[in-house]
Amino acid sequence: MFACLLEQLARHIDAKLHGDGALPITGIASMKGAVSGQITFLADKKFQSNLSDCKASAVVMTEDSLKYWHGAALIVKNPYLAYAKLAQYLDTTPKPAKDIAPSAVIDSSVKLGNNVSIGANAVIESGVILADNCIIGPGCFIGKNTKIGVGTKLWANVSVYHNCIIGDNCLIQSGTVIGADGFGYANDKGKWIKIPQLGRVVIGNNVEIGASTTIDRGALDDTVIGNGVIIDNQCQIAHNDIIGDHTAVAGGVIMAGSLKIGRHCLIGGASVINGHMEICDQVTVTGMGMVMRPITEPGVYSSGIPLQQNKVWRKTASLVLHIDEMNKRLKALEKKLLNVST
């Protein structure tokens, strides 16, 4: 079992140590689930009362919460951020692959950096470059001439099509498809004529992509994912989309093609965003947002009707269906009042 001393953790997150720095810490847990030997965190003051029953050996907290706790503590300004750093330090998640499996199919032209691992039954086609410390999980497919950067990790059964570029220190979860054809067709008298998708997918550094997400290759230009972007599970990123640095996309989001999203945006889960338009930097779209027009000003945007009891929702829907009629009646009344006043 991995163990370190509390004082080591304090140094790692630059925290002020309160109590015995020689305490051994074997893992991190929730406040309710923690036992002796584990560390937990208090990120929200409304849970301070739970400290009295907490069995953790130490707690990460702010200075003003210390009076509610009588054990060892690591004092920081942002406990949740400190928790994230500690969770990385104490992480025991196994690697997707170790060494190069005998059953992996690797073309003779593939260039492998130092310390590359490739799992069982993975297929690496010609012209691929895998940089130092890449990990390619079991069953992955890496298409021709694709380049994957230093320290990037692909879990099992990820498919990366030809000519794609993935940067350094990226993490891609199982079942994701990168570089599939975009949805490009021309209509010839009712028949659909496929347009070959000749662009690439270019992914920056430190990008994380969830399970079963699809990022389509561009039609002519590239689909581009900026540095530090995080994308949740089961998202659809269409051809020629551009997502700016450090934007976060929650699960189930659907983006139409040729969409440009700025930097430091937050896209709520199950949102649908129209294509051929732009969203500026620092925009938040709340969950299930339907974005049909460009957004040019930073801020928080929402759409849709929050959940209601069915009988209330039916009344709301009925009112919505009669908005046009109500608007005409209102304008007629305004006209009459204007005539009376004049």
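Bear in mind that the values here come from a model prediction, so they are computed numbers and not experimental data.

K.L.:
Break down the pairing of strand β6 (residues 58–61) for me, citing the residues and quoting the values.
P.N.:
Because side chains alternate across β6, one face comprises the buried residues A58 and V60, and the other comprises V59 and M61, equally buried. Pairing geometry for strand β5 (residues 38–41) and β6, over 3 bridges, is parallel. Across the sheet, residue I39 finds its bridge partner in β6, namely A58. For β6 and strand β7 (residues 72–75), the ladder comprises 4 bridges, and the chain directions are parallel. Counterpart to V59 in the pairing with β7 is A73.

K.L.:
I'd like to hear about the layout of surface pockets, residue by residue, with values.
P.N.:
By volume, the largest pocket is sized at about 660 Å³. Taken together, 22 residues make up the lining of the largest pocket; nearest its centre are D91, T93, K153, L171 and E208. Take the lining of the largest pocket: its biggest share by element is 3 residues, from helix α2 (residues 79–89). Grouping the constituent residues of the lining of the largest pocket by class yields 8 nonpolar, 8 polar and 6 charged. Counting the residues that make up the lining of the largest pocket, at least three belong to each of domain 1 (4–90) and domain 2 (105–301).

K.L.:
Go over the packing of aromatic side chains with me, naming the residues and quoting the values.
P.N.:
Summed over all chains, the structure comprises 4 aromatic pairs. When the centroid spacing of 5.6 Å and the interplanar angle of 50° are considered together, the rings of Y80 and Y83 count as tilted. One end of the pair is Y80 and the other is Y83, both in helix α2 and 3 residues apart, which spans about a single turn. Residue classification places Y80 among the exposed positions, given a relative accessible area of 52%. Look at Y83 and you get partly exposed, because its relative accessible area is 26%. Among the aromatic residues, ring-to-ring pairing joins F41, Y80 and Y83 into one connected group.

K.L.:
Could you give an account of unusual backbone geometry, with specific residues and numbers?
P.N.:
Glycine aside, residues mostly have negative phi angles, and peptide bonds mostly take the trans form. Not every positive phi belongs to a glycine, and D99 is a case in point at roughly 60°. Considering the arrangement of structural elements, one finds D99 in the loop between α2 and β8 (105–106). Notably, Q234 is not glycine yet its phi reads approximately 55°, a positive angle. By relative accessible area, Q234 is classed as exposed at 59%.

K.L.:
Break down the UniProt feature "active site" (unreviewed entry) in the chain for me, with residues and values.
P.N.:
According to UniProt, the positions carrying the feature "active site" (unreviewed entry) are H239. Overall, the relative accessible area of 14% leaves H239 in the buried class. If we ignore the near neighbours within four places in the chain, the residues touching H239 are G182, F183, G184, Q197, D216, R217, G218, A219, T223, G257 and S258.

K.L.:
How would you summarise the pairing of β5 if you had to cite specific residues and measurements?
P.N.:
For a regular strand, side-chain orientation follows a simple rule: the groups alternate between the two sheet faces. Neither face of β5 is exposed, since Q38 and T40 on one face and I39 and F41 on the opposite face are all buried. In the sheet, strand β4 (residues 27–28) pairs with β5 via 2 bridges, with the strands oriented parallel. Bridge pairing in β5 places G27 opposite Q38.

K.L.:
How would you sum up the sheet that holds strand β28 (residues 236–237)? Please name residues and give values.
P.N.:
Taken together, the 10 strands give an open sheet; going across it, the order is β8-β11-β14-β17-β20-β25-β28-β31-β34-β37, and neighbouring strands pair in parallel fashion. Looking at the sheet topology across the chains shown, the edges are occupied by β8 and β37 (290–291). In this sheet, strand β20 (residues 177–180) lies alongside strand β17 (residues 159–160) in parallel orientation, the contact comprising 2 bridges. Of the residues in β20, the one forming a bridge with V160 is I178.

K.L.:
Summarise the packing of helix α1 (residues 6–13) against α2; cite the residues concerned and give the values.
P.N.:
Axis separation between α1 and α2 bottoms out at 10 Å; the angle between their running directions is 120°. Regarding the angle of α1 to α2, the classification is oblique. Relative to α2, the crossing made by α1 is right-handed. Contact residues: α1 offers Q8, L9, H12 and I13, while α2 offers A82, K85, L86 and Y89. Here the contact of α1 with α2 is built from residues that sort into 5 nonpolar, 2 polar and 1 charged.

K.L.:
Can you explain the sheet that holds strand β30 (residues 248–249)? Please cite residues and give values.
P.N.:
The strand order β10-β13-β16-β19-β24-β27-β30-β33-β36-β38 describes an open sheet built from 10 strands, whose pairing is parallel. A single partner strand is all that each edge strand has here, and the edge strands are β10 (117–118) and β38 (299–301).

K.L.:
Could you give an account of the side chain of T146, with specific residues and numbers?
P.N.:
In this fold, T146 is placed in the loop between β14 (141–142) and β15 (147–148). One polar contact links the side chain of T146 to the main-chain carbonyl oxygen of Y161, over a distance of 2.7 Å.

K.L.:
Which residues make up the nonpolar core, and what values do they have?
P.N.:
Core analysis: the biggest nonpolar cluster contains 47 residues, and I136, L154, I178, I203, I225, M255 and I273 have the highest contact counts within it. Broken down by secondary-structure element, the contributors of at least two residues to this core are β23 (201–203), β32 (259–261), β35 (277–279) and β36 (283–285). With sequence-adjacent residues up to four places away left out, I225 is seen in contact with V202, I203, G204, V207, I215, I231, I237 and I243. L9, I13, I25 and A82 belong to the second-largest nonpolar core, a separate cluster that totals 17 residues.

Rules of the game
- Residues numbered from 1 in each chain as written.
- Predicted model: local features only at pLDDT ≥ 70, side-chain atom pairs only at ≥ 80, totals over all residues.
- Heavy atoms only, no water.
- Buried < 20%, exposed > 50% of the residue type's maximum accessible area, 1.4 Å probe, protein only.
- Helix = DSSP H or I, 4+ residues; strand = E, 2+ residues; numbered from the N terminus.
- Pairing = 2+ DSSP bridges.
- 1 Å grid on protein atoms, 1.4 Å probe; cavity = no way out; pocket = protein on both sides within 12 Å on 5 of 7 lines; lining within 4 Å.
- Points joined across faces, edges and corners; volume = space filled by probe spheres on them.
- Nonpolar A, V, L, I, M, F, W, Y, C, P; charged D, E, K, R; others polar.
- Domains from an automatic or database assignment.
- Phe/Tyr/Trp six-rings, centres within 6.5 Å; stacked < 30°, edge-to-face > 60°.
- UniProt positions renumbered as here; feature names shortened; annotations may be inferred.
- Contact = heavy atoms within 4.5 Å.
- Axes fitted to C-alpha atoms, helices over the stretch in contact; angles between N-to-C directions.
- Parallel < 35°, antiparallel > 145°, perpendicular 65-115°, else oblique.
- Left-handed = near helix turned anticlockwise from the far one by under 90°.
- Polar contact = N/O pair within 3.5 Å; in protein donor to acceptor, adjacent residues only side chain to side chain.
- Core = buried A, V, L, I, M, F, W, Y, C linked by side-chain atoms within 4.5 Å.

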